[in-house]
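Notes for the structure review
What follows is each chain in one-letter form.
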Amino acid sequence: MASEAKSSGLEGVNAADTAISHVDGEQGRLVIAGADAEQLALTATFEQAAARVLSAGGALAVDPVELATQLALARASAWEALPRLGDALDATDGMEALRAGLAHLWASGDDRADAVTAIGAAPVFVAAWSRKHRGLQPVPPTPGLDHATDYLKMTIGAPPSPAAARALGAYLVTVIDHGMNASTFTARVVTSTASDLISAVVAAVGALKGPLHGGAPGPVLDMLDAIGTPANAETWLLGELAAGRRIMGMGHRIYRVRDPRAAVLELAIKPLSTDRLALARAVETAAAKILRERKPDRPMAANVEFYTAVLLDAVGLPREQFSPTFGVGRIAGWSAHVLEQRRVGKLIRPASTYIGPMPQL
Ligand code: COA
């Protein structure tokens, strides 16, 4: 591994250095491989954004058109693999189904090939799980469709409207990568042991599953449903805080201003018909005001999950599919980080601080 790092030109590079994305928590800016996330989400397809992050991670140009063809083939292979997934898709939780489904993929040892396999498999497994969960027959991928449109079609079982497919594509691009978040760190730690890409993305799904990371958008929609109308927002939110619960979709470890991805998703939602957008804006305003009064020293604003809930609901995804859909987008970022970590070739092994008793001599 040390010699790999040398030949990759990354010798001396810190394990936390990355060319894949940059999060500026003070300014509220997200840069994805040299492009502003807003710009990328509104202009690039998922395939183009995935090619971009994979190129940055692997330091090797990935052609988006070739990648689109490879991902379509990977979706078809994943569909063929469904009968070999055992009871993986019987899970009641979509993240468990995604984790168990991906765990059935064999690692070839070629990270680039395994990345395509995993990125292509994720939407097929999640859509099939979602339909089974709703008592419906899974729907196969359609050759010739782009990744986002195919995922939506496999979920809803009919050709989606172009506006819905575009909005879902914008979402998948928006969440494709986000610095050294918990699941990405997990993927890098696994890779750093010289393990394979499939193991890394399976572990990353486990990290994404938690409500403090990728599990918030379903509860955000529950919250909007419970509030019902803007006039109820303040009372409801105060009740949550009084009960010791957090406001889902608010606050972030890095951002001290509004998460820039919230604005991208708001824009992407506009062409869709949903009456939840106005309610979401009113609830966000009330939540930000209450949290500012409670914790004036710790700015807390809407994070990506707030408008994720509104967007994914508006394109027709059931709420239990929201977190796995985050995985469908982020798996491209995880894969890029696997490629990058492989080039660094250094074991990530933080030291612990022992605070227990020492043996008596
Ligand atoms: N609602 C109410 N209070 C919140 C809050 C929220 N959404 N987020 C943070 N806080 C409060 C905490 O209760 C804590 O208060 P205390 O110091 O009195 O105990 C303080 O702010 C700091 O919280 P902490 O958990 O240390 O901050 P963090 O940087 O680890 O938190 C999150 C980041 C995202 C985990 C947190 O903001 C959160 O739980 N948000 C809700 C879940 C969510 O939307 N997750 C998706 C993230 S993209």
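Presented here is an overview of the structure given in this document. (Residues numbered from 1 in each chain as written. Predicted model: local features only at pLDDT ≥ 70, side-chain atom pairs only at ≥ 80, totals over all residues. Heavy atoms only, no water.)

**Observations regarding the overall build of the protein**
On a plain count of helices and strands, the protein comes out with 16 helices and 3 strands. Here the C-alpha atoms of the protein give a radius of gyration of 20 Å, agreeing with the 21 Å that 2.2 N^0.38 yields for 361 residues. By its C-alpha atoms, the protein is 65 × 60 × 45 Å across when sized along the principal axes. Put simply, the protein has 361 residues, and 52% of those count as buried. Contacts spanning at least 24 positions in sequence make up 76% of the contacts within the protein whose residues lie at least 6 apart. (Helix = DSSP H or I, 4+ residues; strand = E, 2+ residues; numbered from the N terminus. Rg over C-alpha atoms; globule rule 2.2 N^0.38 Å. Buried < 20%, exposed > 50% of the residue type's maximum accessible area, 1.4 Å probe, protein only. Contact = heavy atoms within 4.5 Å.)

**Notes on the site of the ligand**
Neighbouring the ligand are 19 residues; Arg246, Ile247, Met250, Arg253 and Lys295 lie closest to it. Methionine 250 places a main-chain nitrogen or oxygen 2.8 Å from a nitrogen atom of the ligand. In the model, an oxygen atom of the ligand is placed 2.9 Å from a nitrogen or oxygen of the arginine 298 side chain. Protein burial of the ligand: of its 850 Å² of free accessible surface, 72% is covered by the chains. Among the detected pockets, the ligand sits in the largest pocket. (Near = heavy atom within 4 Å. Polar contact = N/O pair within 3.5 Å; in protein donor to acceptor, adjacent residues only side chain to side chain. Areas by Shrake-Rupley, 256 points an atom, 1.4 Å probe, with all protein chains shown as cover. 1 Å grid on protein atoms, 1.4 Å probe; cavity = no way out; pocket = protein on both sides within 12 Å on 5 of 7 lines; lining within 4 Å. Sits in = over half its atoms within 2 Å of the grid points.)

**Regarding the sheet that holds strand β2 (residues 29-32)**
Pairing in this open sheet of 3 strands is antiparallel, and the strands run β1-β2-β3 from one edge to the other. Two strands bound the open sheet, and with one partner strand each, they are β1 (21-24) and β3 (35-36). (Pairing = 2+ DSSP bridges.)

**What about helix α3 (residues 46-58)?**
One turn of an α-helix holds 3.6 residues; hence residues three or four places apart share an orientation. Taking 1.5 Å as the rise per residue, α3 with 13 residues should run 18 Å; its terminal C-alpha atoms sit 18 Å apart, in good agreement. Burial analysis of α3 places 10 of its 13 residues in the buried class, the great majority of the element. Two residues or fewer after α3 comes alanine 59, characterised by a positive phi angle close to 55°. (Expected span 1.5 Å × (residues − 1).)

Interpretation note: all reported values are geometric properties and have no functional meaning in isolation.
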